[in-house]
Amino acid sequence: MLGSGYCIEIKGCNLLNSEAERFASMFTKLLDDYHILVFRNQCLSQSDLIKVSSMFGDLEITWDKKDRSQENEHVHMISNIGLKNYDYKSSAQIWHTDNSFLSRPSKYTILHSKIRPAIGGDTMFSDMRAAYNSLSDSVKNKIAGLKAIHSFGHQFKELRNNKYEDNLDEFFPEVVHPIVRIHPHNNKKSLYLNQLTIKEIIGDDIHENRSLLTQLNDHSVQEKFIYTHKWLEGDLLIWDNASLIHRGTHTPIELQRLLYRTSIIGDVTY
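In this text the structure is predicted, and so the values were computed from the model without any measurement. (Residues numbered from 1 in each chain as written. Predicted model: local features only at pLDDT ≥ 70, side-chain atom pairs only at ≥ 80, totals over all residues. Heavy atoms only, no water.)

As for its position among the elements, Gln46 is in helix H2 (residues 46–53). Contacts of Gln46, omitting those with residues within four sequence positions, involve Ser69, Glu71, Asn72, Val75, Met77 and Tyr260. (Helix = DSSP H or I, 4+ residues; strand = E, 2+ residues; numbered from the N terminus. Contact = heavy atoms within 4.5 Å.)

As structure tokens, this is what we get:
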């Protein structure tokens, strides 16, 4: 077990081994309990990653065409190779859960390290189940039943210097998700927050709702909830987006970084 107790390392497992597929249901059960699985010393091509990812469900098509692999539409390339500057603040450095601007947000994210920088490029996670459980009863009662509007255009364009097509947000109309999400496998509750996409909490008192959102965001990223993964080349992580938020740390532009990412289509939130 690593970090804050919700990340577990699976040792001695080659995910390309024909035996690995037999353990997919066990891996899924572990994700329900621990949120993050770490597999070391994997060496996967993009087609290998697709095969491994498919053990966990149906794959999303990468919506960002600029970072979509030319080999496979399901693979998102996370890389600074060939970039001349990092003038913008990457959206990945903001606390978020993947693709909550969709009506069925990403269930699992699978990230595989191919080139690791000597400095930076870590991934930080915060346990939203523990964050919810640690709220006072009065706050839990206050947020019960509250919903928030998630918007693709809320921060993405400003943070990425209009990297995306101007009309891309038209393909992603605003969606509504609960502030407290019930896990589809075990019915446990977690805070469901995203500093990138939540436009507002729905309700009559705008100022109070903004204050409440700030309070919840601050609460959810306390050090006691956080695990920071310092990547090794060959690491493969699978995590449960219903139970976590995450953010990347800065990588100096002169240090190369490359990861392959896939995402599994998720469930309707409730």
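Once you've had a look at it, read on.
Another point: the pattern of salt bridges. A full pass over the atoms with the stated rule returns six salt bridges. When the shortest N-O distance is used, the salt bridge between Glu9 and Arg40 registers 3.5 Å. Here the residue Glu9 occupies a position in strand E1 (residues 7–10), and Arg40 occupies one in the loop between strand E2 (36–39) and H2, the gap between them amounting to 31 residues. According to the relative accessible area criterion, Arg40 is partly exposed, its value standing at 22%. (Salt bridge = Lys/Arg side-chain N within 4 Å of Asp/Glu carboxyl O. Buried < 20%, exposed > 50% of the residue type's maximum accessible area, 1.4 Å probe, protein only.)

Strand order in the open sheet formed by three strands is E11-E5-E13, with antiparallel pairing between adjacent strands. With partners counted over all chains shown, the strands left at the sheet margins are strand E11 (226–229) and strand E13 (244–248), one partner each. Neighbour-to-neighbour, the strand axes of the sheet open up by a mean angle of 20°, direction not taken into account. Pairing analysis gives five bridges linking strand E5 (residues 123–127) to E13, with the strands arranged antiparallel. (Pairing = 2+ DSSP bridges. Axes fitted to C-alpha atoms, helices over the stretch in contact; angles between N-to-C directions.)

If you trace the six strands from one edge of the open sheet to the other, you get E1-E2-E12-E4-E14-E3, paired in mixed fashion. Here the strands that pair on one side only, and so sit at the sheet edges, are E1 and strand E3 (76–79). Neighbour-to-neighbour, the strand axes of this sheet turn through a mean angle of 20°, independent of strand direction. Alignment of E1 against E2, held across four bridges, turns out to be parallel. Counted as the bridge partner of Glu9 is Val38 from E2. Here helix H1 (residues 24–34) sits on the sheet and contacts E1, E2, strand E4 (108–115) and strand E12 (236–240); the angle it forms with E2, its principal contact strand, is near 125°.

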